[in-house]
Amino acid sequence: QVHVVESGGGLVQPGGSLRLSCAASGSIFNLNRMAWYRRAPGKSRELVAALFSSENTMYSDPVKGRFTISAGNAKNTVYLQMNNLEPEDTAVYYCNVKISGKGEYWGQGTQVTVSS
């Protein structure tokens, strides 16, 4: 069994910053990728950023240059540093963990609201 837990969401003003955290536990051998997705009101879920076991990263175009994904000291932890936040970044953010040979696992989501 694999458990994924996110934290760090909240309310922030435009131009502000937040850092999201994600921790995976359980049978996480052969962890292949940790990623952040988001679902904005009325929209489908979209990939925001990903960190691969190779340490390569990828970002969606709307967040390039503003968001940074990084691993914690423990390889089962990943962070999403979000700077210069915009109202369009308002969404529920989900952590996704992909394990080779097992599948993908999701956290419960954390709300990020950008509003003045």
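Report on the accompanying structure. (Residues numbered from 1 in each chain as written. Predicted model: local features only at pLDDT ≥ 70, side-chain atom pairs only at ≥ 80, totals over all residues. Heavy atoms only, no water.)

## Some remarks on the overall build of the protein chain
Turning to step 1, where the next piece is worked out: Per the secondary structure count, the protein chain includes 0 helices and 11 strands.
Turning to step 2, where the next piece is worked out: N-terminal to C-terminal, the α/β element order of the protein chain is β-β-β-β-β-β-β-β-β-β-β.
Turning to step 3, where the next piece is worked out: Expected size for 116 residues packed as a compact globule is a radius of gyration near 13 Å; at 14 Å, the protein chain falls within 12% of this value.
Turning to step 4, where the next piece is worked out: Considering only C-alpha atoms, the protein chain reaches an extent of 45 × 25 × 25 Å along its principal axes.
Turning to step 5, where the next piece is worked out: Once local pairs closer than 6 in sequence are excluded, the contacts in the protein chain between residues at least 24 apart make up 53%.
Turning to step 6, where the next piece is worked out: Accessible surface, the protein chain: about 6100 Å² in total, of which carbon and sulfur atoms supply 47%.
Turning to step 7, where the next piece is worked out: Taking the average location of the 11 positive side-chain charges in the protein chain and that of its 8 negative ones, the two points are 6 Å from each other. (Helix = DSSP H or I, 4+ residues; strand = E, 2+ residues; numbered from the N terminus. Rg over C-alpha atoms; globule rule 2.2 N^0.38 Å. Contact = heavy atoms within 4.5 Å. Areas by Shrake-Rupley, 256 points an atom, 1.4 Å probe, with all protein chains shown as cover. Lys, Arg positive; Asp, Glu negative; His and termini not counted. Charge placed at Lys NZ, Arg CZ, Asp CG, Glu CD.)

## Points about the nonpolar core
Turning to step 1, where the next piece is worked out: One finds Trp36, Leu80, Met82 and Tyr93 to be the most contacted residues of the largest nonpolar core, which totals 28 residues.
Turning to step 2, where the next piece is worked out: For this core, the elements supplying multiple residues, two or more each, are strand S1 (2–7), strand S3 (18–26), strand S4 (31–39), strand S5 (46–52), strand S7 (67–71), strand S8 (77–82), strand S9 (91–99) and strand S11 (110–114).
Turning to step 3, where the next piece is worked out: Considering each element in turn, this core owes the most residues, 5 residues, to S9.
Turning to step 4, where the next piece is worked out: Discounting residues that sit within four places of it in the chain, Tyr93 has contacts with Glu6, Leu20, Trp36, Tyr37, Arg38, Val48, Phe67, Leu80, Met82, Gly109, Thr110 and Val112. (Core = buried A, V, L, I, M, F, W, Y, C linked by side-chain atoms within 4.5 Å. Buried < 20%, exposed > 50% of the residue type's maximum accessible area, 1.4 Å probe, protein only.)

## Focus: unusual backbone geometry
Turning to step 1, where the next piece is worked out: Positive phi is not limited to glycine here, since Asn30 has a value of about 60°.
Turning to step 2, where the next piece is worked out: Here Asn30 lies in the loop between S3 and S4.
Turning to step 3, where the next piece is worked out: A positive phi angle, close to 50°, is found at Asn84, a residue other than glycine.
Turning to step 4, where the next piece is worked out: Looking at the secondary structure, you find Asn84 in the loop between S8 and S9.
Turning to step 5, where the next piece is worked out: Judged by relative accessible area, which is 43%, Asn84 ranks as partly exposed.

## Notes on the environment of Gly15
Turning to step 1, where the next piece is worked out: In this structure, Gly15 sits in the loop between strand S2 (10–12) and S3.
Turning to step 2, where the next piece is worked out: C-alpha of Gly15 to C-alpha of Val114: the two residues are 99 residues apart in sequence and 8.7 Å apart in space.
Turning to step 3, where the next piece is worked out: Those residues in contact with Gly15, other than ones at most four positions away along the chain, are Asn84 and Leu85.

Functional significance is not addressed by these values, which are geometric in nature.
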